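The residues making up each chain are set out below.
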Amino acid sequence: MSGPRQKRSCRGPGHLFVVCDEVHHWIESNAGVYVWETLDRNVQKTAGAGSRLIETTNAYNPNENSIAQRTHEAVLAGAGRLLYDCVEALGEIDFKDRAQVVEAVRAAYGDSSWVDVDGIADAIQDPRTPPAVAYRFYLNRIQENADGWISKDVWSLCLSENDPIRLGDQIAIGFDGSLRGDATGAIGCRLRDGRLFPIHLQENPRDPNNPDWEVDVLAVEAAIGRAFRDYLVEWMYCDPPYWQEAIGRWSIEYGDDRVFEYWTNRPTRMVQATERFHSAVAVQDISHDGDEDLTRHVLNAVTREVPQGTLITKDSPRSKKKIDLAVCAVLAFEARADAIADGRLKRRRGRVVGF
C-alpha cells in the first residue's frame with residue numbers, strides 16, 4: 001500500500017462531507033495519518049455548519065497504529081461526538097467446520113442480505129487464506145496477535161539435538177541492546193550450518209518493587225568477551241542505540257573487520273534480512289536446540305507491513321512479550337551470510353601459542 005485510498009468529499013455552503021475509505025491502511029509510513037489530520041482539522045472547523053467525516057474500514061492490525069485503530073481507541077476512551085458502528089463474528093471458530101464458518105459470516109455481515117455468504121465462506125476455507133486474513137477481512141475481528149511471524153510448528157521443524165555448538169566453532173553474532181525497557185541479548189549462529197544458540201539475555205523483570213531496574217552492562221561486556229574467547233567470531237552485527245560507545249570499543253578490541261553497526265530502524269535493509277531469515281526457517285536451513293528464551297521471543301514476534309516489505313515487532317507497543325532475541329537471531333543469520341560471502345568460512349585462523 002503506497003498511500004491512503006483516495007478520499008471522496010463534497011462541499012456545500014460552508015461545510016464539508018468527507019469519506020475516508022479503508023483507514024486501516026492509513027498509517028504514518030504512507031502519510032495516511034498526515035492526510036487524515038489535515039482533513040479532520042478542516043471538518044472540525046466547520047462542524048457547526050454541518051461538516052462531517054466518515055471512515056470505513058476493515059478490522060485493523062493493532063501493531064500499525066492506523067487511523068482505524070486511533071479512532072476505535074478514541075471511542076473506547078470516551079471521546080465525544082463520535083459514532084462507532086461495528087459488527088464482528090465472536091467466539092472461537094473452527095475454519096474446517098463449514099457450518100461454523102457460515103454462521104460466523106452471517107453474524108459479521110448482519111442484515112446485509114446482498115452478501116454472497118457461501119462465496120465468503122469458500123474464501124475463508126481456501127487453504128491459501130491465512131487465519132489472520134480470514135478474521136480481519138472477512139469476519140471483521142481485531143486480532144491482537146493476528147500476524148504471527150513464525151508458527152510454533154514451523155519453528156519446531158528446525159529443532160535438532162545433533163551436532164551441538166562446540167568451543168572453537170566459527171560463528172557470527174547478532175546483538176540487540178537496551179538499558180531499561182526492552183531486553184538486551186546476543187545470539188550466535190554457526191557459519192557452516194546456520195545453527196543458532198544463545199549467548200546472553202537480560203530482561204526487565206517488571207518488578208514493582210524494583211522500578212529502577214537497568215541492564216547490567218558489565219554482565220553484557222563479560223558475555224561478549226567470553227564469546228570472542230570461546231569461539232572464532234567472524235562477524236558481529238550490533239544494533240547501535242544506547243550501545244554505540246561499547247560497540248566502538250568492541251570494534252577496537254576484537255577487530256573492526258569483525259564488529260559492525262547494523263541499524264535495525266532502516267527498513268529497507270532490515271526487511272531484506274527479516275525475509276531471508278524467515279525463508280531459511282521455512283526450508284529448515286536454520287537449526288536450534290530448543291532454547292526456551294529464543295523460542296519464546298521468536299514466537300512472540302508479529303509482522304508489520306511497511307512500504308518496503310515486512311518487519312517484525314511486538315504484538316502491541318506496551319506488550320510485555322519480548323522479541324529481542326528474535327531480532328538478534330535475524331542479525332546473527334545476516335552476519336553469517338556476510339561472513340561467508342567474504343570468504344571467512346574457508347579461512348582458518350592460525351593460533352599463537354606462548355610458552
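Cut-off values and rules
Residues numbered from 1 in each chain as written. Predicted model: local features only at pLDDT ≥ 70, side-chain atom pairs only at ≥ 80, totals over all residues. Heavy atoms only, no water. pLDDT = per-residue confidence, 0-100. Helix = DSSP H or I, 4+ residues; strand = E, 2+ residues; numbered from the N terminus. Contact = heavy atoms within 4.5 Å. Pairing = 2+ DSSP bridges. Axes fitted to C-alpha atoms, helices over the stretch in contact; angles between N-to-C directions. Core = buried A, V, L, I, M, F, W, Y, C linked by side-chain atoms within 4.5 Å. Buried < 20%, exposed > 50% of the residue type's maximum accessible area, 1.4 Å probe, protein only. Parallel < 35°, antiparallel > 145°, perpendicular 65-115°, else oblique. Nonpolar A, V, L, I, M, F, W, Y, C, P; charged D, E, K, R; others polar. Phe/Tyr/Trp six-rings, centres within 6.5 Å; stacked < 30°, edge-to-face > 60°. Lys NZ or Arg CZ within 6 Å of the ring centre and 35° of its normal. 1 Å grid on protein atoms, 1.4 Å probe; cavity = no way out; pocket = protein on both sides within 12 Å on 5 of 7 lines; lining within 4 Å. Points joined across faces, edges and corners; volume = space filled by probe spheres on them.

Let's talk about the confidence of the model for the chain
1) Next: Confidence in the prediction for the chain averages 88 pLDDT; 91% of positions are at 70 or higher.
2) Next: For the chain, the element scoring lowest by mean pLDDT is strand E1 (residues 8–12), at 54; strand E4 (residues 170–176) scores highest, at 98.
3) Next: Contacts for the low-pLDDT stretch residues 350–355, under 50 throughout, to residues beyond four places or in other chains number 2 contacts.

Side note on the pairing of strand E9 (residues 302–306)
1) Next: Bridge count between E9 and strand E10 (residues 309–313): 5 bridges; the pairing is antiparallel. Of the residues in E10, the one forming a bridge with Arg304 is Leu311.
2) Next: Counting the residues in the hairpin turn of E9 and E10 gives 2 residues.

Overview of the sheet that holds strand E6 (residues 196–202)
1) Next: Strands sit in the order E6-E5-E4-E7-E8 across an open sheet of 5 strands; the sheet is mixed. Across the chains shown, the open sheet's two edge strands, defined by having one partner strand only, are E6 and strand E8 (259–261). Across the sheet, the mean angle from the axis of one strand to that of its neighbour is 15 degrees, orientation sign disregarded.
2) Next: Bridge count for strand E5 (residues 184–190) against E6 is 6 bridges, and the pairing is antiparallel. Along E6, the bridge assignment pairs Ile187 with Pro198.

Quick look at the nonpolar core
1) Next: Trp149, Trp155, Ile187, Leu196, Phe277 and Leu294 are the most contacted members of the largest nonpolar core, which totals 37 residues.
2) Next: Secondary-structure elements contributing two or more residues to this core are E5, strand E7 (232–239), helix H9 (267–282), helix H10 (292–300), E10 and helix H11 (324–341).
3) Next: It is H11 that provides the largest number of residues to this core, a total of 11 residues.
4) Next: Setting aside its immediate chain neighbours within four residues, Leu196 contacts Trp155, Ile187, Gly188, Cys189, Phe277, Ile286, Ser287, His288, Asp289, Leu294 and Ala329.
5) Next: Counting residues in hydrophobic clusters, the runner-up holds 22 residues, among them Ile173, Ala186, Trp243 and Ala246.

Thoughts on the packing of H9 against H11
1) Next: Contact geometry of H9 with H11 gives a least axis separation of 9 Å together with a crossing angle of 90 degrees. Taken together, the axes of H9 and H11 are roughly perpendicular relative to one another. Across the interface between the two elements, Met270, Ala273, Thr274, Arg276, Phe277 and Ala280 of H9 pack against Val327, Ala329, Val330, Leu331, Phe333 and Glu334 of H11.
2) Next: Here the contact of H9 with H11 is built from residues that sort into 9 nonpolar, 1 polar and 2 charged.

Some remarks on the packing of aromatic side chains
1) Next: Tallied over the full model, the rule gives 12 aromatic pairs.
2) Next: Ring centres of Phe175 and Trp250 lie 5.3 Å apart, and the angle between their planes is 85 degrees; this geometry places the pair in the edge-to-face category. Of the two residues, Phe175 sits in strand E4 while Trp250 sits in helix H8 (residues 244–254), which places them 75 residues apart along the sequence. Here Phe175 and Trp250 have matching classes, each one buried.
3) Next: With 4.0 Å between their ring centres and 5 degrees between their planes, Phe228 and Tyr254 make a pair best called stacked. Separated by 26 residues along the polypeptide, Phe228 in helix H7 (residues 217–230) and Tyr254 in helix H8 bring together distant segments of the chain. Comparing Phe228 with Tyr254, the two get one shared label, buried.
4) Next: Taken together, the aromatic side chains of Trp235, Tyr237, Phe260 and Tyr262 make up a single cluster linked through ring pairs.
5) Next: Across from the ring centre of Tyr237, 5.4 Å away, lies the NZ or CZ of Arg269, which sits over that ring.

Description of the layout of surface pockets
1) Next: Of the volumes computed, that of the largest pocket is approximately 1400 Å³.
2) Next: As for the largest pocket, its lining consists of 41 residues, and the residues nearest its centre are Glu55, Thr56, Leu83, Tyr84 and Asp85.
3) Next: Those elements that provide at least two residues to the lining of the largest pocket are helix H1 (32–45), strand E3 (52–56), helix H2 (67–76), helix H3 (98–109) and helix H5 (131–138).
4) Next: A total of 7 residues in the lining of the largest pocket trace back to one element, the largest contributor, which is H2.
5) Next: Here the second largest pocket is characterised by a volume of approximately 1100 Å³.
6) Next: Forming the walls of the second largest pocket are 36 residues, and the residues nearest its centre are Asp182, Thr264, Arg304, Ile312 and Thr313.
7) Next: Of all elements in the fold, only H9, E9, E10 and H11 reach the threshold of two or more residues within the lining of the second largest pocket.
8) Next: Split into classes, the residues belonging to the lining of the second largest pocket amount to 13 nonpolar, 11 polar and 12 charged.

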